[in-house]
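# Structural description and commentary
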Amino acid sequence: MKGHRMDLSELPQPQAQAYRTLQVHRLDGGPGRDGPDCVAEETPVALEFNGISHAVMMATPADLEDFAYGFALTEGIVDTASQIYDCEWTASAQGYTLHLRIAAANFARLRDRRRTLAGRTGCGLCGTQSLAHVLRQPAPLQHTPYFPAHAVTRAVASLRAHQPLLAATGASHAAAWCTADGSIALLREDVGRHNALDKLVGALLREHRPASAGFIAITSRASFEMVQKTAAMGVGLLAAVSGVTGLAVDVAQTAGLTLLGFTRGEDASIYSHPARLHRNDL
């Protein structure tokens, strides 16, 4: 990623394990210079449910409990945070393991559709055993609030100021939950865009936030998985900095979710359910 990166002393520090500092040689059009640089961490994170290994994801090892809760909900393993009885994590030389204890009924449901995810950064499909599991259609959204268009563009414009990991490394995505006036209330970062959103979902669950009262903004493109995860929280609007996919639009239309892409400055493209944005702001 090109562009100036802030001096590390200017930054609010993210969790220490999210990045490491290395000595690098920089080319500058002259003889070059040596100096410190920060790189985001990427490590295997295994998820176990009731002692049974279920998935291995490549992720940034920060906000791990948020990741566990969010993954469990957006993958349809649990329906509410109350169905997760306990969550702990352990570290080893190979990576991290998240140990979740969930309700017996949810574990029985999980066994019926076992999948193994071992793949690239944030890959949400590797090892899926059934097309039906991939194309899970979220339940239609119930009544969710309307939002002023200027609040959405304001939130997206302020994302970078809330991303210490990006400022330090230039190598992370972010997902933010925003209030109706466009204020960023919660934000999570990860090298994988799916992981960042799962961490945000988990944080919303663990902090008992009224997720449906706000909207979600992401720094990446909006694929159908991102729409699925947003709708799973009952959130009615997803705004992406980059583009969207055709399947994301299809899922958003069916779920009743407002999907925005290319949300930059005062501009945005609305791909589904535009009525959720106040018309006098468009």
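### Overview of the overall build of the chain
A tally of helices and strands in the chain yields 8 helices and 13 strands. Across the 282 residues that make up the chain, the buried fraction comes to 52%. The contacts of the chain with a sequence gap of at least 6 include a subset with a gap of at least 24, amounting to 52%. Total accessible area on the chain stands at roughly 12,900 Å², and carbon and sulfur atoms take up 53% of it.

### Quick look at the side chain of Thr-153
Mapped onto the secondary structure, Thr-153 falls in helix 4 (residues 149-157). Taking the relative accessible area as the measure of exposure, Thr-153 reaches 8% and is therefore buried. Apart from the residues within four sequence positions on either side, Thr-153 is in contact with Thr-263, Gly-265, Glu-266 and Asp-267.

### Description of the packing of aromatic side chains
The description of an aromatic ring pair rests on the distance of the ring centres and on the angle between the ring planes. For the structure on display, the rule yields 3 aromatic pairs. Between Trp-89 and Tyr-96, the aromatic rings sit 5.5 Å apart at their centres with planes inclined by 55°, giving tilted as the arrangement. Its relative accessible area of 38% is what places Trp-89 among the partly exposed residues. For Tyr-96, a relative accessible area of 17% translates into the label buried. Between the NZ or CZ atom of Arg-206 and the centre of the ring of Tyr-69, over which it lies, the distance is 5.8 Å.

### Points about the pairing of strand 11 (residues 237-240)
Remark: a regular strand shows side chains that alternate across the two faces of the sheet. Neither face of strand 11 is left uncovered, since the one carrying Leu-237 and Ala-239 and the one carrying Leu-238 and Ala-240 both have all their residues buried. For strand 10 (residues 215-218) and strand 11, the ladder comprises 3 bridges, and the chain directions are parallel. Paired with Ile-218 across the bridge in strand 11 is Ala-240. You can see the chain leave strand 10, run along helix 7 (residues 224-232) and come back into strand 11, and the turn it takes is right-handed. Examined bridge by bridge, strand 11 and strand 12 (residues 258-264) share 3 bridges and lie parallel to one another. When the sheet's bridge partners are listed, Leu-238 is paired in strand 12 with Leu-259. Handedness of the crossover joining strand 11 and strand 12 through helix 8 (residues 246-255) is recorded here as right-handed.

### As for the pattern of salt bridges
Following the criterion strictly, the structure yields 11 salt bridges and no others. Residue Arg-20 is joined to Glu-41 by a salt bridge in which the shortest nitrogen-to-oxygen separation is 2.8 Å. Separated by 21 residues along the polypeptide, Arg-20 in strand 1 (residues 19-26) and Glu-41 in the loop between strand 2 (33-40) and strand 3 (43-49) bring together distant segments of the chain. Residue classification places Arg-20 among the partly exposed positions, given a relative accessible area of 44%. Between Asp-37 and Arg-26 there is a salt bridge, and its shortest N-O distance comes to 3.2 Å. Residue Asp-37 is located in strand 2, and its partner Arg-26 is located in strand 1; the two are separated by 11 residues in the primary sequence. In this structure Asp-37 comes out as buried when scored by relative accessible area, which is 14%. Under the relative-accessibility criterion, Arg-26 is labelled partly exposed at 24%.

### Quick word on the sheet that holds strand 13 (residues 267-272)
Read across the open sheet, the 6 strands follow the order 9-8-10-11-12-13; overall the sheet is mixed. Single-partner strands in this sheet number two, and they are strand 9 (184-190) and strand 13. Averaged over all neighbouring strand pairs, the angle between strand axes comes to 20°, with direction disregarded. As paired strands, strand 12 and strand 13 are joined by 4 bridges and run antiparallel to one another. By the bridge assignment for strand 13, Arg-264 is matched with Asp-267.

Criteria and cut-off values
Residues numbered from 1 in each chain as written. Predicted model: local features only at pLDDT ≥ 70, side-chain atom pairs only at ≥ 80, totals over all residues. Heavy atoms only, no water. Helix = DSSP H or I, 4+ residues; strand = E, 2+ residues; numbered from the N terminus. Buried < 20%, exposed > 50% of the residue type's maximum accessible area, 1.4 Å probe, protein only. Contact = heavy atoms within 4.5 Å. Areas by Shrake-Rupley, 256 points an atom, 1.4 Å probe, with all protein chains shown as cover. Phe/Tyr/Trp six-rings, centres within 6.5 Å; stacked < 30°, edge-to-face > 60°. Lys NZ or Arg CZ within 6 Å of the ring centre and 35° of its normal. Pairing = 2+ DSSP bridges. Right-handed = clockwise from strand over helix to strand, strands pointing away. Salt bridge = Lys/Arg side-chain N within 4 Å of Asp/Glu carboxyl O. Axes fitted to C-alpha atoms, helices over the stretch in contact; angles between N-to-C directions.

What is shown is where atoms sit, not what they do.
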